[in-house]
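Each chain is listed here by its residues.
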Amino acid sequence: MSVTAFIENLRAEVRGLPAYNAGLSAEFVRERYGVSHVAKLGSNENPRGASAAVLAHLAEFTTTSTLALYPDPSCSALRALIAERLAVDPEHLLFGNGSEDLLAIAAHTFLAPGDEVITVIPSFGLHIIYPQSVGAKVVTVPMRSDFEFDVDALIAAISPRTRMLIISNPSNPVGCAMDGAEMRRLLSAVSPETLVLWDEAYFEYASDEHGYPDSLAVLRESGLPWLLLRTFSKAYGLAGLRVGYGVASAPELAGLMDRVRTPFNINQIAQQAATVAFGDQAHVAASVADARAGRDWMSAALVGLGVNPARSRANFLFFDCGEDAAELAGKMLEDGVIVKPWREPGYENCMRVSVGNAADNALFIRSFDRRRTV
Ligand SMILES: Cc1ncc(COP(=O)(O)O)c(C=O)c1O
């Protein structure tokens, strides 16, 4: 049997899956474009990196740990710390190889072919790809033209077939945040047969902003089944180690996801680093302060160039650049600047740029201004 014939026999939903656009690496851009410095502003990483406490711990790792042993499958130390800080029962928690792993596990656990999932557009690609991979039908609700959540339209999209509602708050890629009143209004329209997947990958950047919801409290109040996701990839600066965590409304839901996940999905190094990182909230606060200062600077610089970024509560900005963003982003690579041009239909003129360090932010603004044609 040829590979083509073999592939033709596979599930249609797998054959039809779009590839996730994971962005370019700095090494690739350096080599391909012959630039000495790359401003990697396409993946919303933390320019401050991991905390000094994490680096010191990892330097000792090889002498204090045994790589020949499997990691703790239940992440006990990290679980205990997070449970205490969030005041949740440890059995409600689960861990993923990045929160993207938890998104995949949730799709495989809670969705069946033909189920309907509601999310927004523009969206985080995996909020669509993972449900589609299990045969679910994804309904996308456009953000408002002022790049805020359209809660009325989300409520109108909910149907008796809706099995999952997926929202990132703050939104990736837009950066806007839904406030507590709007979150309550949205959840009050959801039926108990729908799981609410509330993705707070950028929680730390927004948590002390006026109006930003105490999502755990609002989700609990809703009485719905829900899963709240957070990550160590952003404000904690550990994207390379892949640790995300989830809080489920009931231990039974966490237990089901536990059966679907691979048992050792968080490696030893990642568990230890995340445990140390969680204890260093000063590093998180400094990272958030950097991101806000850089975001304000970039936002003002863009406004100065006649561009209006969406109001962002996260470590990135999203805006309509008035021309094909993929073409413009391609030219900016020649200056060593990586950004994320949006590819979803209707948003091809939009670009998302991460907030980096001051020098990279300035390089972005210079390159954007030099390379744009409108
Ligand atoms: C909204 C959202 N959810 C989840 C993720 C996945 O993050 P990670 O797998 O690194 O935890 C990202 C990453 O950019 C994101 O933006």
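Counting from 1, residues in each chain are numbered in the order their sequence is written. Residues qualify for local features only when their pLDDT is at least 70, as the model is predicted, and side-chain atom pairs are given and counted only at 80 or more; totals for whole chains, interfaces and linings, by contrast, use all residues.

## A short note on the overall build of the protein
Now for step 1: A count of helices and strands for the protein gives 16 helices and twelve strands.
Now for step 2: Only C-alpha atoms enter the radius of gyration, while the globule expectation follows 2.2 Å times N to the 0.38, with N the number of residues. Whereas a compact globule of 374 residues would reach a radius of gyration of roughly 21 Å, the protein reaches 21 Å, a difference of no more than 12%.
Now for step 3: Projected onto its principal axes, the C-alpha coordinates of the protein cover approximately 60 × 55 × 55 Å. Strands are runs of DSSP state E lasting at least 2 residues, helices are runs of H or I lasting at least 4, and numbering of each runs from the N terminus.

## Here's the deal with the site of the ligand
Now for step 1: Only the C-beta atom matters for this test: placed from the backbone, it must lie within 6 Å of a molecule or strand for the residue to be near it. Of all residues adjacent to the ligand, which total 13 residues, the nearest are G98, S99, E100, T231 and S233.
Now for step 2: Three classes are used, and their members are as follows: Ala, Val, Leu, Ile, Met, Phe, Trp, Tyr, Cys and Pro are nonpolar, Asp, Glu, Lys and Arg are charged, and the others, Gly among them, are polar. Here the residues of the shell around the ligand sort into three nonpolar, eight polar and two charged.

## Topic: the sheet that holds strand β11 (residues 340-341)
Now for step 1: What makes two strands pair is DSSP finding at least two bridges between them. Read from one edge to the other, the open sheet built from three strands follows the order β9-β12-β11, with strand pairing classed as antiparallel. The open sheet terminates on both sides in strands that have one partner only, identified here as β9 (316-320) and β11.

## Quick look at the domain arrangement of the protein
Now for step 1: Each domain's limits were defined by an automated method or a database of domain assignments. Looking at the protein, the domain boundaries give domain 1 (9-40 + 282-371) and domain 2 (66-279).
Now for step 2: Tallying the contact residues gives 24 residues for domain 1 and 26 residues for domain 2.
Now for step 3: Going through the elements one at a time, α2 (12-15), α14 (281-304), β9 and β12 (350-354) are the ones with two or more residues in the side of domain 1 that touches domain 2.
Now for step 4: Element by element, the count of residues in the side of domain 1 that touches domain 2 is highest for α14, at four residues.
Now for step 5: Counted by class, the side of domain 1 that touches domain 2 contains 15 nonpolar, four polar and five charged residues. Note on contacts: residues are paired as contacts if their backbone-placed C-beta atoms lie within 7 Å.

## Quick notes on the sheet that holds strand β7 (residues 226-231)
Now for step 1: Within the open sheet, the seven strands sit side by side as β2-β8-β7-β6-β5-β3-β4. Their pairing is mixed. Of all the strands in the sheet, the pair left with one neighbour each is β2 (93-96) and β4 (137-142). Pairs of neighbouring strands in the sheet enclose a mean axial angle of 20 degrees, with direction left out of account.
Now for step 2: Bridge count for β2 against strand β8 (residues 244-248) is four bridges, and the pairing is antiparallel. In the sheet register, L93 faces β8, and the bridge partner there is V247.
Now for step 3: Angular values range over 0 to 180 degrees, each being the angle between N-to-C directions of two axes fitted as lines to C-alpha atoms, with helices fitted over their stretch in contact. Its contacts with the sheet put helix α11 (residues 215-222) on β6 (195-199), β7 and β8, and the angle it makes with β7 is roughly 165 degrees.

## Let's talk about the packing of helix α6 (residues 99-110) against helix α7 (residues 126-133)
Now for step 1: Interaxial distance between α6 and α7 falls to 8 Å at its minimum, and their mutual angle equals 35 degrees. α7 is crossed by α6, and the crossing has right-handed handedness. In this structure, α6 uses E100, L103, A104 and A107 to contact α7, whose residues at the interface are L126, H127, Y130, P131 and S133.
Now for step 2: A per-class count over the contact of α6 with α7 returns six nonpolar, two polar and one charged. The crossing is said to be left-handed when, going from far helix to near helix, the turn is anticlockwise and less than a right angle, and right-handed when the turn is clockwise.

## With respect to α11
Now for step 1: In this scheme every C-beta is placed from the backbone, and a residue whose C-beta has 20 or more other C-beta atoms within 10 Å is buried, one with 12 or fewer is exposed, and one in between is partly exposed. Turning to α11, its buried residues are S215, V218 and L219. Relative to the axis of α11, the buried residues are bounded by an arc of 100 degrees and lie together on one face.
Now for step 2: Packing partners of the buried residues in α11 comprise α9 (180-187), β6 and β7.
Now for step 3: Residue G223 follows α11 closely and has a positive phi angle near 75 degrees. The arc in question is traced by the directions running from the helix axis to the C-beta atoms.

## Some remarks on unusual backbone geometry
Now for step 1: Across the junction of I121 and P122, the peptide omega takes the value 0 degrees, indicating a cis bond.
Now for step 2: Structurally, P122 can be placed in the loop between β3 (116-121) and α7.
Now for step 3: A cis amide bond, omega -5 degrees, links N169 with the succeeding residue P170.
Now for step 4: Mapped onto the elements of the fold, P170 is located in the loop between β5 (162-168) and α9.
Now for step 5: The phi dihedral of F147 falls on the positive side, at around 60 degrees, and the residue is not glycine.
Now for step 6: Secondary-structure assignment places F147 in the loop between β4 and α8 (151-157).
Now for step 7: We classify F147 as buried; it has 21 C-beta atoms within 10 Å.
Now for step 8: The backbone of R242 sits at a positive phi, close to 65 degrees, despite the residue not being glycine.
Now for step 9: Look at R242 and you get buried, because 20 C-beta atoms sit within 10 Å.

## Quick notes on the nonpolar core
Now for step 1: If you look at the biggest cluster of nonpolar residues, it comprises 103 residues, and the most contacted ones within it are V196, L197, L227, L238, A277 and M351.
Now for step 2: Top element by residues in this core is α6. It accounts for seven residues.
Now for step 3: Here this core gathers at least three residues from each of two domains, domain 1 (9-40 + 282-371) and domain 2 (66-279).
Now for step 4: Beyond its immediate sequence surroundings of up to four residues, L238 is in contact with A50, F232, S233, V243, A273, A274 and A277. The term nonpolar core refers to a set of buried Ala, Val, Leu, Ile, Met, Phe, Trp, Tyr and Cys residues connected through C-beta atoms within 7 Å.

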